[in-house]
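Topology and contacts: notes
Given next are the chains, with one letter for each unit.
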Amino acid sequence: MTDTATSPEWHQTACVLCSANCGVEIKLDGRKFVRVRGDKANPQSQGYTCEKALRLDHYQNGPHRLTSPMRRTADGSYEEVDWDTAIREVAAGFARVRDEHGGDKIFYYGGGGQGNHLPGGFSSATRKALGMKYSSNALAQEKTGEFWVDGQLFGAMSCHTTHDMHHTDCAVFVGKNPWHSHGFPRARTTLKEIANDPERKMIVIDPRLTETAELADHHLRVRPGADAWLLGAMLKILVEDELIEREWLAEHANRLDDLEELLTVVDVPTWCAKAGLTEDEVRAATHTLGRARSAAVLEDLGIQMAPHSTMNSWLEKLLCLVTGNFGVKGGINLHSRMGKLSSGGRGGDRRTPVGNHRILGGLMPCNGIPDEVLTDHPDRFRAVLVESSNPVHSLADSPRWRDVFRTLEFSVVIDVAMTETALEADYVLPASSQYEKWEATFFTLEFPDNYFHLRRPLLEPLDGTLPEAEMHARLCRELGVYNDDDLVELRAAAERGLDAYGEAFFRVLGERPHLNGAIPVVLYETLGPALGEGEEITAVMWGLVQTLAMSDADSIKRAGYEGEGMALGNALFDAMRTTPSGVTFTSDPYEKTWDRMETPDHKINLVVDELVDEFRGLADEDPSGGDDLFPFVLSAGERRSSTANNVMRDPEWRRKHPTTGLRIHSTDAASLGLDDGEKVRICTKRGETVSNVEISDSMLPGHVSLPNGQGLAYPDVDPETDLGVSPNELTSLEDQDWFAGTPWHKHVRARLEKV
Ligand SMILES: Nc1nc2c(c(=O)[nH]1)N[C@H]1C(S)=C(S)[C@@H](COP(=O)(O)OP(=O)(O)OC[C@H]3O[C@@H](n4cnc5c(=O)[nH]c(N)nc54)[C@H](O)[C@@H]3O)O[C@H]1N2
Ligand SMILES: Nc1nc2c(c(=O)[nH]1)N[C@H]1C(S)=C(S)[C@@H](COP(=O)(O)OP(=O)(O)OC[C@H]3O[C@@H](n4cnc5c(=O)[nH]c(N)nc54)[C@H](O)[C@@H]3O)O[C@H]1N2
Ligand code: SF4
Ligand SMILES: [Mo]
């Protein structure tokens, strides 16, 4: 790394505030980010950013940054300890739990946020060293239901669909507001392109008149929580009005008959009414979708965190599948991936040890975890390692999560800040920020071209912090996973180049099988030093690239890399390390989707048997709304210009975009006697809190929303006025999808009282 502290030039990196990870260039003054702009050389974002990236200095610099390992004392305060002490005591603490109760009583939570997924990779070595078997992260409170549905339709949960919004003629957003939340590259530009092209259409399914809905041809303002009836009615209309692709389905899918039989339970007028919509508007939108040359659907939290969420993921995908919009330009497709976000298989066979909750994609459902701790069951969890995540703040029922941490025998948090979770832990280990180490994400979700950005550091680690890779290497040594003897030969081979290293790697791992569980840190410790001082972390990518070169060689070659076997992997690895704005790592024809299918006959399975009864039951069910005690439906955690998960703690960050209030329709505000900006008490069955109101007719009457990622503690600010509301003080664990266990954060019953 060059000494950048005083250099006047632009440094290429990425924004870490959402999964789009737009390439940015940053100008520094000392350690301060003085200017941030989009990086035109980034092949994925092409210079695009939203307004949030410009304020990244609030993440990098500020009094929230930790600069020493912290140990909790008997009176609940924290004291600083040196790194050697911290590593020794953390390793000993976990080893004690392992020896007394078994390593499977220690669980892992997190592993990366919107910008940093390499820590999760390195942690796998520590987890294996301790015999940890259970883990989870934020995906298991949003996406696991959808992953499981993919597994049923396409044969494996790793068959993750991507939406070709850049080429589609009909973009459909279900419970998704890409104007603010993105979810595909250059989102706002793409939305405007679709809106301005008379040949291309946009359908938005959302109770709120969102910024995206304002651009749509059809805005289906569904009743909150009633998407299942709407999606069922749309599917029935596609069949009734002969808008399904029968010939295509005969060739590519199984069980169309069963699906048509199931749809006989749908009475279109009744189901539209239950969804709060007229039959005419639903039929018109459905015809637009059915007649479009291509259509792509993107779902997100509006259905993933609301009633019937797993089933809705199935119904939503069927819209594309029955119309033949799979494996084609402008449709949905199966993409390549650098590294995995979750494990594959059809899923659902494993269960948690106490509550017997389904483990999907290798992840325990977040809402079920407290059951695994707050019990006297002999198999209960006794310890946790949390990394890059703030579960006490970001998961349902914060009070219960605080109980979880106080009950565990041992807990450790790795973070850049003293988070709400860190404040409950026995030890806190301070990480170097994402601009102080090499980083990357595995949000490699694009198709036909897919991108990977290995970001280089702009700054030396803040004094007192370490990159996670170094923490895990030290923990593994302390736990006796390996010693210098184990590494000598690989280190020597690395000095002779990648080919020699590759040859030695498989041989040494064969001779020393105890190293197999620690591959990421072994790469870091052996290949790392040969790659150059400060570049050790990049070694972990070599293993992943070689794996990809075995499974997707053609796709890598089409992206412009040459060589066979390991040489192909090495070519891509070199390019990643030397291209500061990121690379295109695979390039595919649309038909490649069919090769990625995991069903035995490579055909789509249209019917998900486990969800059939739930669908039939809709005929006799009414959508749940408010009731006498809690008349409102609260969406607890909306994405706005001023939100970035739980990453931005400094309230100053929101100064130019101060939308922190409870959004409420004017008629509801009037009946409660509330003026804009006044205070309202929000009560749910779990708790209560006070917020200011923001009167907005973008809401439906009876529906109110709070932003996500607020209520984060920050030094020297007034928690009453500056921090906003912490949404999960209001949410309950039992409000969850029956199948995937994902929470209903968008559907919390609430009562409002003027303060
Ligand atoms: N600015 C910003 N962007 C972000 C993030 C952030 O914190 N801030 N976080 C990132 C992350 S981790 C994620 S997962 C994504 C999430 O991205 P989104 O899912 O787009 O975000 P939300 O605003 O939580 O919810 C989307 C929409 O669901 C609607 N909705 C509420 N109830 C219902 C319902 O019953 N049915 C339907 N159909 N819609 C409903 C809401 O009105 C809202 O417009 O955003 C990412 N991008
Ligand atoms: N009520 C409600 N709750 C929600 C949501 C909602 O809509 N409503 N949305 C949910 C969703 S979709 C998600 S994805 C989750 C996200 O919630 P979390 O899983 O908690 O993840 P993040 O908010 O991304 O927090 C990332 C953490 O990583 C830390 N961090 C940043 N950089 C580094 C680094 O380099 N190293 C380390 N070790 N740590 C770092 C930050 O300080 C922060 O504490 O929130 C969920 N919670
Ligand atoms: S917040 Fe998301 S869309 Fe905005 S600049 Fe950052 S990565 Fe890009
Ligand atoms: Mo998320």
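Residues numbered from 1 in each chain as written. Chains lettered and ligands numbered in written order. Predicted model: local features only at pLDDT ≥ 70, side-chain atom pairs only at ≥ 80, totals over all residues. Heavy atoms only, no water.

Considerations on the overall build of the chain
- A tally of helices and strands in the chain yields 26 helices and 26 strands.
- Taking 2.2 N^0.38 as the reference for a compact globule, 755 residues should give roughly 27 Å; the C-alpha atoms of the chain span a radius of gyration of 25 Å, in line with that estimate.
- Expressed along its principal axes, the backbone C-alpha trace of the chain runs to roughly 75 × 60 × 60 Å.
- Looking at the chain residue by residue over its 755 residues, the buried ones come to 63%.
- Once local pairs closer than 6 in sequence are excluded, the contacts in the chain between residues at least 24 apart make up 74%.
- Within the structure as shown, the chain displays about 26700 Å² of accessible surface, and the carbon and sulfur contribution to it stands at 47%.
- Computed over 79 positive and 118 negative side-chain charges, the inter-centroid distance for the chain is 1 Å. (Helix = DSSP H or I, 4+ residues; strand = E, 2+ residues; numbered from the N terminus. Rg over C-alpha atoms; globule rule 2.2 N^0.38 Å. Buried < 20%, exposed > 50% of the residue type's maximum accessible area, 1.4 Å probe, protein only. Contact = heavy atoms within 4.5 Å. Areas by Shrake-Rupley, 256 points an atom, 1.4 Å probe, with all protein chains shown as cover. Lys, Arg positive; Asp, Glu negative; His and termini not counted. Charge placed at Lys NZ, Arg CZ, Asp CG, Glu CD.)

What about the site of ligand 3?
- Lining the immediate surroundings of ligand 3 are Cys15, Leu17, Cys18, Asn21, Cys22, Thr49, Cys50, Lys52, Ala53 and His182.
- For the shell around ligand 3, the per-class residue count stands at 6 nonpolar, 3 polar and 1 charged. (Near = heavy atom within 4 Å. Nonpolar A, V, L, I, M, F, W, Y, C, P; charged D, E, K, R; others polar.)

Here we look at the sheet that holds strand S11 (residues 218–220)
- Pairing in this open sheet of 4 strands is parallel, and the strands run S11-S10-S9-S13 from one edge to the other. The two strands at the open ends of the sheet, each matched to only one other strand, are S11 and strand S13 (296–299). For this sheet the average axis-to-axis angle between neighbouring strands, irrespective of direction, equals 15°.
- Pairing of strand S10 (residues 201–205) with S11, which is carried by 3 bridges, proceeds in the parallel orientation. Considered in S11, the bridge of Val204 is made with His219.
- Sitting on the sheet, helix H6 (residues 187–196) touches strand S9 (170–174) and S10, and the angle it makes with S10 is about 120°.
- Across the sheet, helix H13 (residues 309–322) touches S9 and S13, and the angle it forms with S13 is around 165°. (Pairing = 2+ DSSP bridges. Axes fitted to C-alpha atoms, helices over the stretch in contact; angles between N-to-C directions.)

With respect to the site of ligand 2
- By nearness alone, 31 residues border ligand 2, and Ser394, Asp415, Glu468, Ala636 and Arg639 come closest of all.
- Residue Glu468 places a side-chain N or O atom 2.6 Å away from a nitrogen atom belonging to ligand 2.
- Interatomic distance of 3.1 Å between a backbone N/O atom of Gly637 and an oxygen atom of ligand 2.
- Burial of ligand 2 by the protein amounts to 96% of the accessible area it has alone, namely 920 Å².
- Residue assignment for the shell around ligand 2 shows that the elements contributing at least two residues are strand S16 (410–415) and strand S21 (632–638).
- Residue composition of the shell around ligand 2, grouped by class: 10 nonpolar, 15 polar and 6 charged.
- Here the shell around ligand 2 spans two domains, since at least three of its residues come from each of domain 2 (70–142 + 344–430) and domain 4 (632–754). (Polar contact = N/O pair within 3.5 Å; in protein donor to acceptor, adjacent residues only side chain to side chain. Domains from an automatic or database assignment.)

Overview of the packing of helix H4 (residues 144–154) against H13
- The contact between H4 and H13 brings their axes to 8 Å, and the two run at 50°. Of the possible angle classes, the one that applies to H4 and H13 is oblique. When the axes of H4 and H13 are compared, the crossing they make is right-handed. Between H4 and H13, the contacting residues are Gly145, Glu146, Trp148, Val149, Asp150, Leu153 and Phe154 on the first element and Thr310, Ser313, Trp314, Lys317 and Leu321 on the second.
- In terms of residue class, the contact of H4 with H13 is built from 6 nonpolar, 3 polar and 3 charged. (Parallel < 35°, antiparallel > 145°, perpendicular 65-115°, else oblique. Left-handed = near helix turned anticlockwise from the far one by under 90°.)

A short note on helix H16 (residues 398–407)
- Every buried residue belonging to H16 is among Ser398, Trp401, Val404 and Phe405, and all of these are buried. One side of H16 carries all its buried residues, which in axial view fall inside an arc of 105°.
- Here the buried face of H16 lies against helix H14 (369–373), strand S15 (383–387), helix H15 (391–394) and S16. (Arc of directions from axis to C-beta.)

Let's talk about the domain arrangement of the chain
- Here the chain is described as being made up of domain 1 (1–61), domain 2 (70–142 + 344–430), domain 3 (164–338) and domain 4 (632–754).
- Centre-to-centre separation of domain 3 and domain 4, based on C-alpha positions: 28 Å.
- On the side of domain 4, 20 residues touch domain 3, which itself brings 18 residues to the contact.
- Interface of domain 3 and domain 4: buried area, both sides summed, is about 1600 Å²; carbon and sulfur atoms make up 62% of it.
- Put simply, Glu638 and Arg208 hold a salt bridge, and the shortest N to O gap is 3.4 Å.
- Taken together, the elements giving at least two residues each to the side of domain 3 that touches domain 4 come down to helix H5 (178–181), helix H12 (301–304) and H13.
- At 3 residues, H12 tops the list of elements feeding residues into the side of domain 3 that touches domain 4.
- In the side of domain 3 that touches domain 4, the residues fall into 8 nonpolar, 8 polar and 2 charged. (Buried area = accessible area lost by both parts, 1.4 Å probe. Salt bridge = Lys/Arg side-chain N within 4 Å of Asp/Glu carboxyl O.)

Observations concerning unusual backbone geometry
- Cis geometry marks the peptide bond from Phe447 to Pro448; its omega dihedral reads 5°.
- Positive phi, close to 55°, is recorded for His602, a residue that is not glycine.
- Turning to its location among the elements, His602 is positioned in the loop between helix H24 (592–595) and strand S20 (604–605).

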